[in-house]
Amino acid sequence: EKVKLKDITIGGIGDENKSMTFTKEVPLYDSNFIVTFGAEDISATPSQVSTVTVSMENTMGVCALEGVITLPEGLSFVKNAEDEYCTAAERVASLHYITTTKVGNAGNQVKFLVDAGTPVDIVGKSGPIFTFDVKGDASLAKNALIKITDIYGSTIRGDLKNIDDITINVTNPDVDAIATA
């Protein structure tokens, strides 16, 4: 079975530092290739920036990842010092880079791509791969969900694995404080 990746963008190509966008059809990998994403639930309020740490467990080497992060109403992304929405964790930072782009006009969705530009596996088989910061506003509900969807990992051979979506619970303790004040 094959799947088509649409509008993949790789930046920093060549001496002109240009980007390239392409569509590629790649095979899905067999059932021995197990990759899972996970993240701890967070607390967020309008007065604080909260960090979400995304981890990956993998049984075989993964050299590239992509997916979409969707924030609930009341949360917004906070860019890092590199003007990106995600920051590479130690497993990724030594050999790979992470790029992010907003999805369409939706301010609450970001597409991420973890890649090395050359076929090299992400270090290790378990642990954090990236973080992203969010900040709440007054419309943040008491309980909300961050979703990471459309997640794919690829091997050096070019095999593709569709990784299960994850949700991250967001609790806003300020809602209780306002209700009891």
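What counts, and where the lines are drawn
Residues numbered from 1 in each chain as written. Predicted model: local features only at pLDDT ≥ 70, side-chain atom pairs only at ≥ 80, totals over all residues. Heavy atoms only, no water. Helix = DSSP H or I, 4+ residues; strand = E, 2+ residues; numbered from the N terminus. Buried < 20%, exposed > 50% of the residue type's maximum accessible area, 1.4 Å probe, protein only. Contact = heavy atoms within 4.5 Å. Areas by Shrake-Rupley, 256 points an atom, 1.4 Å probe, with all protein chains shown as cover. Salt bridge = Lys/Arg side-chain N within 4 Å of Asp/Glu carboxyl O. Core = buried A, V, L, I, M, F, W, Y, C linked by side-chain atoms within 4.5 Å. Pairing = 2+ DSSP bridges.

> Give a description of the overall build of the chain that names residues and reports values.
Scanning the chain for helices and strands turns up 2 helices and 14 strands. The buried share of the chain, reckoned over its 181 residues, is 40%. Within the chain, contacts between residues separated by at least 24 positions form 69% of all contacts whose residues are at least 6 apart in sequence. Split by element, the accessible area of the chain, about 9,600 Å² in all, is 49% carbon and sulfur.

> Can you explain the environment of E73? Please cite residues and give values.
Its location among the elements puts E73 in the loop between β6 (64-70) and β7 (75-78). The exposed category is assigned to E73, whose relative accessible area is 65%. Apart from residues no more than four positions distant in its own chain, E73 is found in contact with S139 and L140.

> Outline the pattern of salt bridges, supporting the account with residue identities and numerical values.
Under the defined criterion, the tally for this structure stands at 1 salt bridge. The salt bridge involving K79 is made with D83; its shortest N-O contact spans 3.2 Å. With a relative accessible area of 39%, K79 lands in the partly exposed category.

> How would you sum up the nonpolar core? Please name residues and give values.
Judged by nonpolar contacts, the single largest core of 35 residues is most densely connected at F37, L65, I69, F112, F130, F132 and I146. Residues in contact with F132, not counting those within four places in the same chain, are S50, T51, V52, V54, I69, L71, F77, Y85, C86, I146 and I148.

> Describe the pairing of strand β10 (residues 109-115), listing the residues and the values that go with them.
Taking burial as the measure, the 7 residues of β10 include 5 buried ones, the bulk of the element. Taken together, the 6 bridges between β6 and β10 define a ladder with antiparallel strand orientation. Residue pairing in the sheet places L65 in a bridge with V114 of β10. From the end of strand β9 (residues 97-102) to the start of β10, which pair antiparallel, there are 6 residues, and G104 there has a positive phi angle of about 55°.

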